[in-house]
Amino acid sequence: MLYKKIAMEHDKKIALVAHDNKKRDLVEWAKYNRDLLAHHDVFATGTTGEILEQQLGFKITKLQSGPLGGDQQVGARITENKIDFLIFFWDPLEPMPHDPDVKALLRMAVVWNIPIACNRASADFMISSPLMDGEYDRLVPDYEGYRSRKIIVGDGLDQDGGDSGEEKEHEAEDSGGGMEQAAEDSGEDMESDAKNSGAGMEHDAQGPGEGAEGNGG
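Remember, predicted model here, so these are calculated numbers, not experimental data.

A. Geometry of unusual backbone geometry. Located in the positive-phi region is Asn-81, a residue other than glycine, with phi close to 65°. Tracing the backbone shows Asn-81 in the loop between helix H4 (70-79) and strand S5 (85-89). For Asn-81, a relative accessible area of 28% translates into the label partly exposed. Unusually for a residue other than glycine, Asn-113 sits at a positive phi of about 55°. Of note, Asn-113 is situated in the loop between helix H5 (99-111) and strand S6 (116-117). Using a relative accessible area of 37% as the deciding quantity, one classes Asn-113 as partly exposed.

Here you go:
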């Protein structure tokens with residue numbers, strides 16, 4: 001597969017997302033790394049964004065709450081190259097009503113090859129990387145071949161389906177005719193066998209009678 005380069009500028013576009021039981025961890029982490037985050041463009045979902053803006057003292061681009069579509073908003077921005085860094089403290093011990101959205105967001109991050117941190121340790125390593133304060137070209141698969149793949153729709157698909165149906169109908173008719181012929185042949189054979197058997201029995205019955213009459217004379 002071919003790859004293309006997407007440039008990540010000096011100031012990164014970072015999305016911060018946390019489930020309820022992980023919000024405190026994310027806020028503490030963000031406060032500790034406040035100076036490193038300050039010169040980047042920061043996005044956050046729901047109440048996480050409001051809390052971060054109050055605690056950090058700089059503007060946060062706030063999206064919808066996760067269950068209300070915030071995760072999907074982040075995922076859409078990833079595909080549009082409007083977010084190139086994801087820190088997502090998700091809760092592995094609690095079921096989520098929007099679990100499909102969570103999986104879709106993580107999938108988009110992998111599809112578009114952006115850095116992902118899902119816990120505090122990985123976030124520490126990523127935020128302290130020298131790559132954070134420089135330009136970086138990330139490699140993304142060239143999906144043009146997938147977008148331009150050939151898909152047969154409409155008459156072509158219907159024609160294929162019609163041909164297939166006609167072929168199956170002919171096969172069924174041929175099979176039925178063969179079975180009917182076999183049944184007729186079998187019936188004729190049985191009738192012939194019955195006639196031959198009856199004639200043989202009649203001949204056997206006549207034989208002893210004639211012999212007895214001869215002996216009597």
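Still more ground to cover, so stick around.
B. Region of the structure containing H4. Of all the positions in H4, only Gly-70, Asp-71, Val-74, Gly-75 and Ile-78 are classed as buried. Projected down its long axis, H4 carries its buried residues within an arc of 145°, all on one side. Next to the buried residues of H4 lie strand S2 (13-18), strand S3 (41-45), strand S4 (61-63), S5 and H5. Backbone geometry just downstream of H4 places Asn-81 in the positive-phi region, at approximately 65°.

C. Quick peek at the nonpolar core. Counting 22 residues, the largest nonpolar core has Leu-16, Trp-29, Leu-52 and Ile-87 as the members making the most contacts within it. Counting only elements with at least two residues in this core, the list comes to S2, helix H1 (23-32), S3, helix H3 (46-56), S5 and helix H6 (120-127). Of all the elements, H1 adds the most residues to this core, at four residues. The contact partners of Trp-29, leaving out residues within four places of it in the chain, are Leu-16, Leu-37, Ile-87, Phe-89, Arg-120, Ala-123, Asp-124 and Ile-127. With 17 residues, the next largest nonpolar core counts Val-74, Ile-83, Trp-112 and Val-140 among its residues.

D. Local environment of the environment of Lys-23. Along the chain, Lys-23 turns up in helix H1. Between the C-alpha atoms of Lys-23 and Asp-91, which are 68 residues apart in sequence, the distance is 9.8 Å. Ignoring any residue separated from it by four or fewer positions in sequence, one finds Lys-23 in contact with Ala-18, Thr-47 and Thr-48.

E. Structural context of H6. Within H6, the full set of buried residues consists of Ala-123, Met-126 and Ile-127. What you see down the axis of H6 is that its buried residues fit within an arc of 90°, all on one side. Where H6 is buried, its residues contact H1, helix H2 (34-38), S5 and S6.

F. The side chain of Asp-101, seen in detail. Within the secondary structure layout, Asp-101 lies in helix H5. Beyond its immediate sequence surroundings of up to four residues, Asp-101 is in contact with Gly-66, Asp-71 and Gln-72.

G. Structural context of a nonpolar patch on the surface. On the surface, Met-1, Tyr-3 and Leu-139 cluster together into a nonpolar patch covering about 380 Å² of accessible area. Looking at the element boundaries, Leu-139 is found in strand S7 (residues 136-141). Its relative accessible area of 43% is what places Leu-139 among the partly exposed residues.

Procedures and definitions
- Residues numbered from 1 in each chain as written.
- Predicted model: local features only at pLDDT ≥ 70, side-chain atom pairs only at ≥ 80, totals over all residues.
- Heavy atoms only, no water.
- Helix = DSSP H or I, 4+ residues; strand = E, 2+ residues; numbered from the N terminus.
- Buried < 20%, exposed > 50% of the residue type's maximum accessible area, 1.4 Å probe, protein only.
- Arc of directions from axis to C-beta.
- Contact = heavy atoms within 4.5 Å.
- Core = buried A, V, L, I, M, F, W, Y, C linked by side-chain atoms within 4.5 Å.
- Patch = residues over 30% accessible without salt bridge, like charges linked within 9 Å, V, L, I, M, F, W, Y side chains within 5 Å.
- Areas by Shrake-Rupley, 256 points an atom, 1.4 Å probe, with all protein chains shown as cover.
- Salt bridge = Lys/Arg side-chain N within 4 Å of Asp/Glu carboxyl O.

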